[in-house]
Amino acid sequence: MYLDHFGFSQKPFSIAPNPQFLYMSPRHREALAHLIYGLSGEGGFVILTGEVGTGKTTLCRSMITQLPEHVDTAFILNPTLTVPELLATICDEFGIDYPAGASQKVLGDRINTFLLSSARRDRKAVLIIDEAQNLSAEMLEEVRLLSNLETSSSKLIQIMLVGQPELKEMLRRPDLRQLKQRIALSQHLRPFNESEMREYIENRLRKAGFTGRRIFKRDALKSIFRFSQGTPRLINSLCDGSLLLGFARQKTLIESRMVEEVAADLDLVPDSIGGAEDNPEAA
């Protein structure tokens, strides 16, 4: 709608997890390097947590594109399944054939056969489960049992759990201590500070084809940070709504009051602290 008005070739602030628009802040680069390293190991769970909208899924999609060619990945986006449904979805992701109405045992056996075949061919299997804080204790136990599949020298599958901070709380439960003891690496993705947020916005504008000097005035950027608290998904929503408002009013510069109107429509409350402890410009 506003693409031609601002000179974009595509929407710069879609909330879809598009790796093309991934902004690699220092903390994102560090997290990505650790995750790739963790998934290159020979066993143990890898955990990635972060608040809603901090870019966990986008980071995972970027990570998948950077894994070696010999790695097969299964990416589960909706873990609110029964155990047989989860096993069937894993089969689907890895391209494993199974008969209609297959039992839990048959599905488990098919997965085991696939993993053994992969190991013989020097291939590695990685299972990534997003929104893992929604897994029941029964499902987490089933996932742990999958991690038991191994040869005499190495695990047959590497498992990564991605979720909100509640996932870490779940893993502290006494009945899940066996799984917790198998965590080899854990990373927490934090929101941007203000300088990172500005670079993030500039990065997305350029990747969307913008070639002008600027769109968001300095006061607008400060308002975006106050209302978003550095959370990428909220930054995208505020920027997208502000650009739409700018187009409607035939403005080429976005001002603070326009961001505030959009924030009010989104029912966002400004953060009075604004992440000052993590913001070099806040002093």
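Below, the structure is looked at part by part. (Residues numbered from 1 in each chain as written. Predicted model: local features only at pLDDT ≥ 70, side-chain atom pairs only at ≥ 80, totals over all residues. Heavy atoms only, no water.)

### Focus: the overall build of the chain
- Of regular secondary structure, the chain possesses 12 helices and 5 strands.
- Taking the principal axes of its C-alpha atoms as reference, the chain extends roughly 65 × 40 × 30 Å.
- Out of the 283 residues in the chain, the part that is buried amounts to 47%.
- In the chain, once contacts between residues fewer than 6 apart in sequence are set aside, the share between residues at least 24 apart is 74%.
- Surface summary for the chain: the accessible area is close to 13800 Å², and the carbon and sulfur share equals 49%.
- Once the 34 positive and 36 negative side-chain charges of the chain are each reduced to a mean point, those two points are 3 Å apart. (Helix = DSSP H or I, 4+ residues; strand = E, 2+ residues; numbered from the N terminus. Buried < 20%, exposed > 50% of the residue type's maximum accessible area, 1.4 Å probe, protein only. Contact = heavy atoms within 4.5 Å. Areas by Shrake-Rupley, 256 points an atom, 1.4 Å probe, with all protein chains shown as cover. Lys, Arg positive; Asp, Glu negative; His and termini not counted. Charge placed at Lys NZ, Arg CZ, Asp CG, Glu CD.)

### Some points on the pattern of salt bridges
- The tally for this structure, following the rule as stated, stands at 15 salt bridges.
- Taking the shortest distance from any N to any O, the salt bridge between Arg123 and Asp72 comes out at 2.9 Å. Placement of Arg123 in the loop between helix H5 (104-120) and strand E3 (124-129) and of Asp72 in strand E2 (residues 71-76) is noted, with a sequence separation of 51 residues between them.
- Its salt-bridge partner being Glu261, residue Arg249 comes within 2.8 Å of it at the nearest N-O pair. Here the residue Arg249 occupies a position in the loop between helix H11 (232-248) and helix H12 (256-265), and Glu261 occupies one in helix H12, the gap between them amounting to 12 residues.
- You can call Arg249 partly exposed: its relative accessible area is 37%. (Salt bridge = Lys/Arg side-chain N within 4 Å of Asp/Glu carboxyl O.)

### Regarding the packing of aromatic side chains
- By the definition in use, this model includes 9 aromatic pairs.
- Relative to Phe6, the ring of Tyr2 lies with its centre 6.2 Å away and its plane at 75°, an arrangement referred to as edge-to-face. Pair check on accessibility: Tyr2 and Phe6 agree, each one buried.
- When the centroid spacing of 5.6 Å and the interplanar angle of 70° are considered together, the rings of Tyr23 and Phe192 count as edge-to-face. Taken together, the residues Tyr23 in the loop between helix H1 (3-6) and helix H2 (26-39) and Phe192 in the loop between strand E5 (183-189) and helix H9 (194-207) connect sequence positions 169 residues apart. (Phe/Tyr/Trp six-rings, centres within 6.5 Å; stacked < 30°, edge-to-face > 60°.)

### Section: H2
- Along its 14 residues, H2 runs 20 Å from first to last C-alpha, staying within 8% of the 20 Å computed at 1.5 Å per residue.
- Looking at H2, one finds that the buried residues are Arg27, His28, Ala31, Leu32, Leu35, Ile36, Gly38 and Leu39. All buried residues of H2 fall inside an arc of 160° around its axis, so they share one side.
- Each element contacted by the buried residues of H2 is listed here: strand E1 (45-50), helix H3 (56-66), E3, strand E4 (157-163), E5 and H9. (Expected span 1.5 Å × (residues − 1). Arc of directions from axis to C-beta.)

### So, the environment of Met63
- Within the secondary structure layout, Met63 lies in helix H3.
- For the pair Met63 and His28, spaced 35 residues apart in sequence, the C-alpha to C-alpha distance is 11 Å.
- Dropping the residues within four chain positions of it, Met63 is found in contact with Leu32, Leu35, Ile36, Leu39, Ile128 and Met160.

### Section: the side chain of Gln187
- Tracing the chain through its elements places Gln187 in strand E5.
- The residues touching Gln187, leaving out its near neighbours within four places in the chain, are Glu30, Ala31, His34, Leu35, Ile47, Leu48 and Thr49.

### Some details on the packing of H9 against H11
- Relative orientation of the contacting elements H9 and H11 amounts to 55°, with a least axis distance of 11 Å. One way to sum up the angle between H9 and H11 is to call them oblique. Taken as a pair, H9 and H11 cross one another with a handedness that is right-handed. Of the residues in H11, those in contact with Met197, Tyr200, Ile201 and Arg204 of H9 are Pro232, Ile235, Asn236 and Cys239. (Axes fitted to C-alpha atoms, helices over the stretch in contact; angles between N-to-C directions. Parallel < 35°, antiparallel > 145°, perpendicular 65-115°, else oblique. Left-handed = near helix turned anticlockwise from the far one by under 90°.)

### Examining the pairing of E1
- Burial of E1 is extensive: 6 of the 6 residues sit out of reach of the surface.
- Because side chains alternate across E1, one face comprises the buried residues Phe45, Ile47 and Thr49, and the other comprises Val46, Leu48 and Gly50, equally buried.
- Judged from the 6 bridges that link them, E1 and E5 form a sheet pairing that is parallel. In the sheet register, Val46 faces E5, and the bridge partner there is Leu185.
- Relative to E4, E1 runs parallel, the two being bridged by 4 bridges. Opposite Val46, over in E4, you have Met160 as the bridge partner. (Pairing = 2+ DSSP bridges.)

### Section: the nonpolar core
- One finds Leu127 and Leu161 to be the most contacted residues of the largest nonpolar core, which totals 36 residues.
- At the level of secondary structure, the elements contributing two or more residues to this core comprise E1, E2, helix H4 (83-94), H5, E3, helix H6 (137-147), E4 and helix H7 (166-170).
- No other element matches the 7 residues that H4 contributes to this core.
- Once you skip the residues sitting within four places of it in the chain, Leu161 turns out to touch Phe45, Val46, Ile47, Leu48, Ile129, Ala132, Leu135, Leu140, Val143, Leu167 and Leu179. (Core = buried A, V, L, I, M, F, W, Y, C linked by side-chain atoms within 4.5 Å.)

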